[in-house]
Amino acid sequence: MARIVMKFGGTSVADLDRIHNVARHVKREVDAGHEVAVVVSAMSGKTNELVGWVHGMPKATGASSPFYDAREYDTIVASGEQVTSGLLAIALQSMGINARSWQGWQIPIKTDNAHGAARILDINGDEIIRRMGEGQVAVVAGFQGIGPDNRVATLGRGGSDTSAVAIAAAVKADRCDIYTDVDGVYTTDPRIEPKARRLKKIAFEEMLEMASLGAKVLQVRSVELAMVHKVRTFVRSSFEDPDAPGMGDLLNPPGTLICDEEEIVEQEVVTGIAYAKDEAQISLRRVADRPGVSAAIFGPLAEAHINVDMIVQNISEDGSKTDMTFTVPSGDVEKSLKVLEAAKEKVGFDVIQHETGLVKVSVIGIGMRSHAGVAASAFRALADKGINIKAITTSEIKISILIDGPYAELAVRTLHSVYGLDKK
Ligand code: ASP
Ligand code: MG
């Protein structure tokens, strides 16, 4: 017997038929004698609709902030998950399964006060554990908790993945299954490279890089949590027949296991290729080369909540002037330029240049730690295709390369085959 947390995303609960299908997946695990807690998202499109309703409302008279009252935003957008938790509980009951829905505040899932992007601080899993012991399935509304102000708080878009992993950690589950509309994590986006392969396993660190670099399978925060609490997390499809052979396999269900690197025996050098579109490059030319300059540039950008990614600073020739280049999401360019112009005197630079529509392609693999020449083969392969590299950053387990947007797909396919990731 095992304790399993099963999470179902928006497309998996998109209508009543699919909710019934989800109930069959749950029944399979219950019938096998496991203790089960389920976490659900809102029906697909529902959260967008709710957010749209908020934006359709007039703002409070005299409000100076361009934003709506975040507590009321949360009250509204958290309702989508409330609906699916109740519907799934009813579907399970109709199959003779003892099930009960739970909202975040009832457990409680305690969060901080950052309404709209709250972080989970603590979950009391006692009551759910007790009821699972009595054979009851807990159906938990994802994406929500309760803040220190005693009001509903939501975890940011895609947050029900994080709810699921956090609950799995709190109830000490053996496994957290994230059911979605794809059947696992792939070596790269199969829409770009049909030869992409489904990975059997991927290490937490690698998944963290894949998720933050644009592989939108999981909310990044959920992977961080899984890594910290060592929650073995499976990404698998809810669209397969719930009773197909192997679906109930305890150790090797179909899908991709995200796990500790120790569990991965046959480690490849490179695990996957990720890409992020709509990057922009900003260069400050002839910046004074003295202490405090980087702080003067990136401090104000951070205060303006601009997410700076790659940063490249050259070593100056004569110790007086240097160039500073960095990337931001294309949508933040105008704001960044304004912030930098305002800081011009303090920073001391000559001109700002910028370019939008760039793409960052990244090669990821923990095997890189112990292999030389991984970067060199990427550069060689891209050169052979005539792709110009605009900037490079590396970490222990990742090489990121900035290129012109139109070359994105060619670069992804080229790197995928260079590292032997293509399906045979
Ligand atoms: N329903 C929320 C969203 O669409 C949370 C989630 O699905 O993970 O962002
Ligand atoms: Mg999601």
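Looking at an unreviewed UniProt entry, the protein carries the name Aspartokinase, with the source organism given as Mycoplana rhizolycopersici. Its UniProt record, at the heading Sequence similarities (unreviewed entry), says of the protein: "Belongs to the aspartokinase family."

### Remarks on the UniProt feature "domain: ACT" (unreviewed entry) in the protein
UniProt annotation of "domain: ACT" (unreviewed entry) refers to residues 282–366 when read in the numbering used here. Span residues 282–366 is 29% helix and 39% strand, its end C-alpha atoms 30 Å apart.

### Overview of helix α1 (residues 16–31)
In this model, α1 (16 residues) spans 22 Å end to end at C-alpha, consistent with the 22 Å of a helix rising 1.5 Å per residue. Of the residues making up α1, those classed as buried are I19, N21, V22, A23, H25, V26, R28 and E29. Buried-residue contacts for α1 involve β1 (3–8), β2 (35–40), α4 (79–94), β6 (137–141), β9 (175–180) and β11 (233–237). Sitting at the head of α1, D15 places a side-chain oxygen 3.1 Å from the backbone nitrogen of D17. The first or second residue beyond α1 is G33, which carries a positive phi of 95°.

### Regarding the sheet that holds β2
As summarised here, the arrangement of the 8 strands in space is β3-β6-β2-β1-β9-β11-β12-β10, forming an open sheet in which the pairing is mixed. Looking at which strands have only one partner, the edges of the open sheet turn out to be β3 (99–102) and β10 (201–203). Going across the sheet, the axis of each strand differs from the next one's by a mean of 20°, ignoring polarity. Pairing of β2 with β6, which is carried by 4 bridges, proceeds in the parallel orientation. Its bridge partner lying in β6, V39 is registered against V140.

### Structural notes on the nonpolar core
Counting 43 residues, the largest nonpolar core has V5, I123, I128, V140, I167, C176 and M207 as the members making the most contacts within it. Those elements giving two or more residues to this core turn out to be β2, β5 (120–123), α5 (126–133), β6, α6 (160–170), β9, α7 (204–212) and α8 (220–229). Here this core gets 6 residues from one element, more than from any other, and that element is α6. Apart from residues no more than four positions distant in its own chain, V5 is found in contact with A37, V39, A164, I167, A168, V171, A173, R175, C176 and D177.

### Description of the sheet that holds strand β14 (residues 311–313)
One open sheet accounts for 6 strands, arranged β14-β15-β13-β16-β18-β17; its pairing is antiparallel. Two strands bound the open sheet, and with one partner strand each, they are β14 and β17 (391–395). On average, adjacent strands in this sheet sit at an angle of 25° to one another, irrespective of strand direction. Each of β17 and β18 (398–404) is contacted by helix α12 (residues 374–384), which is oriented at about 20° to β18, the strand it contacts most.

Rules and cut-offs
Residues numbered from 1 in each chain as written. Chains lettered and ligands numbered in written order. Predicted model: local features only at pLDDT ≥ 70, side-chain atom pairs only at ≥ 80, totals over all residues. Heavy atoms only, no water. UniProt positions renumbered as here; feature names shortened; annotations may be inferred. Helix = DSSP H or I, 4+ residues; strand = E, 2+ residues; numbered from the N terminus. Expected span 1.5 Å × (residues − 1). Buried < 20%, exposed > 50% of the residue type's maximum accessible area, 1.4 Å probe, protein only. Contact = heavy atoms within 4.5 Å. Polar contact = N/O pair within 3.5 Å; in protein donor to acceptor, adjacent residues only side chain to side chain. Pairing = 2+ DSSP bridges. Axes fitted to C-alpha atoms, helices over the stretch in contact; angles between N-to-C directions. Core = buried A, V, L, I, M, F, W, Y, C linked by side-chain atoms within 4.5 Å.

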